[in-house]
Amino acid sequence: MKKRAFFLIIVAIGAGFLLKNNVSQNLPRLRVPFIAREDRFTASIDAEFARVLRVIDGDTIELQNSERVRYIGMDAPEVVDPEKPVQCFGVEASERNKALVEGKLVRLEKDVSERDKYGRLLRVAYLPGATSSINLELVIEGYARVFTDPPDVRYASEFLAAEKEARAAKRGLWGACPS
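Residues numbered from 1 in each chain as written. Predicted model: local features only at pLDDT ≥ 70, side-chain atom pairs only at ≥ 80, totals over all residues. Heavy atoms only, no water.

Novice: Looking at this model, I keep getting lost on helix H4 (residues 156-169). Mind explaining?
Specialist: Structurally, the α-helix is built with 3.6 residues per turn, so residues lying three or four positions apart point the same way. Between its first and last C-alpha atoms H4 spans 20 Å; for 14 residues at 1.5 Å apiece the expected length is 20 Å, and the two agree. Considered for burial, the residues of H4 that qualify are Ala156, Phe159, Ala162, Glu163 and Ala166. For H4, the angular spread of the buried residues around the axis is 130°, confining them to a single face. Exposed positions of H4 whose direction lies more than 90 degrees from the buried face are Ser157, Lys164 and Ala168. Against the buried residues of H4 lie strand E4 (73-75), helix H3 (134-140), strand E7 (145-147) and helix H5 (173-176). (Helix = DSSP H or I, 4+ residues; strand = E, 2+ residues; numbered from the N terminus. Expected span 1.5 Å × (residues − 1). Buried < 20%, exposed > 50% of the residue type's maximum accessible area, 1.4 Å probe, protein only. Arc of directions from axis to C-beta. Contact = heavy atoms within 4.5 Å.)

Quick look at the structure:
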């Protein structure tokens, strides 16, 4: 009896080892820089993960690795452009973005372009477990307008529908700012 139990344990360990090695060799590799072990995401193959160091304004964040990310598909009112005055609802948009992402791990999704003319990464950002992006949430809540800049237009129809709804409900900047 003891020999049989010992034999079964050895077979189970060996099968587990073989199965683990065969399966892991066939899985695609995720490109996952800066991921924290305690956070888990279900993500696409091209997903990038990063912790947000700080929020620059309503549509731009800085990551722990010093990269700046510009949210695509939307545009928040300006607050940091030295060439322009602070725009209506700009401070509120920055504060909302800060409340949503500052210090948190986000999943960043690329559309087509890698960077904008200022060298910022162009991405759609998601929080853990979220079904919609931060970009879209800021439009839905009225903190940003739709801004499509081809070729990065994958979610343009979603953003346009969200802006239309926010305008009709006079949410955020649509109710607070002169048109």
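Anyway, onward from the coordinates.
Novice: Help me out: how do you make sense of the environment of Arg123 in this one?
Specialist: With respect to the element layout, Arg123 can be found in strand E6 (residues 121-126). Separated by 12 residues in sequence, Arg123 and Asn135 place their C-alpha atoms 9.0 Å apart. Excluding residues that lie within four positions of it along the chain, Arg123 makes contacts with Glu48, Val69, Arg70, Tyr71, Ile72, Leu108, Glu109, Lys110, Ser113, Glu114 and Asn135. Side chain to side chain, Arg123 and Glu48 meet in a polar contact 2.5 Å long. (Polar contact = N/O pair within 3.5 Å; in protein donor to acceptor, adjacent residues only side chain to side chain.)

Novice: Please explain the pairing of strand E5 (residues 105-109) as it appears in this structure.
Specialist: Taken across its five residues, E5 has five buried, putting it largely inside the fold. The two faces of E5 match: Leu105, Arg107 and Glu109 on one face and Val106 and Leu108 on the other face are all buried. As judged from the four bridges shared by strand E1 (residues 48-57) and E5, these two strands associate in the antiparallel manner. Across the sheet, residue Glu48 finds its bridge partner in E5, namely Leu108. When E5 meets E6, the two strands line up antiparallel, connected through three bridges. Residue pairing in the sheet places Arg107 in a bridge with Tyr126 of E6. (Pairing = 2+ DSSP bridges.)

Novice: Looking at this model, I keep getting lost on the nonpolar core. Mind explaining?
Specialist: When a protein is soluble and globular, its nonpolar side chains tend to lie buried together. Ile61, Tyr71, Val101, Ile134 and Leu138 are the most contacted members of the largest nonpolar core, which has 36 residues in total. With five residues, the top contributor of residues to this core is E6. (Core = buried A, V, L, I, M, F, W, Y, C linked by side-chain atoms within 4.5 Å.)

Novice: What am I meant to see in the side chain of Ser94 here?
Specialist: When you line up the elements, Ser94 lands in helix H2 (residues 90-101). Every residue in contact with Ser94, bar those within four places of it in the chain, is listed here: Val55, Asp57, Gly58 and Val79.

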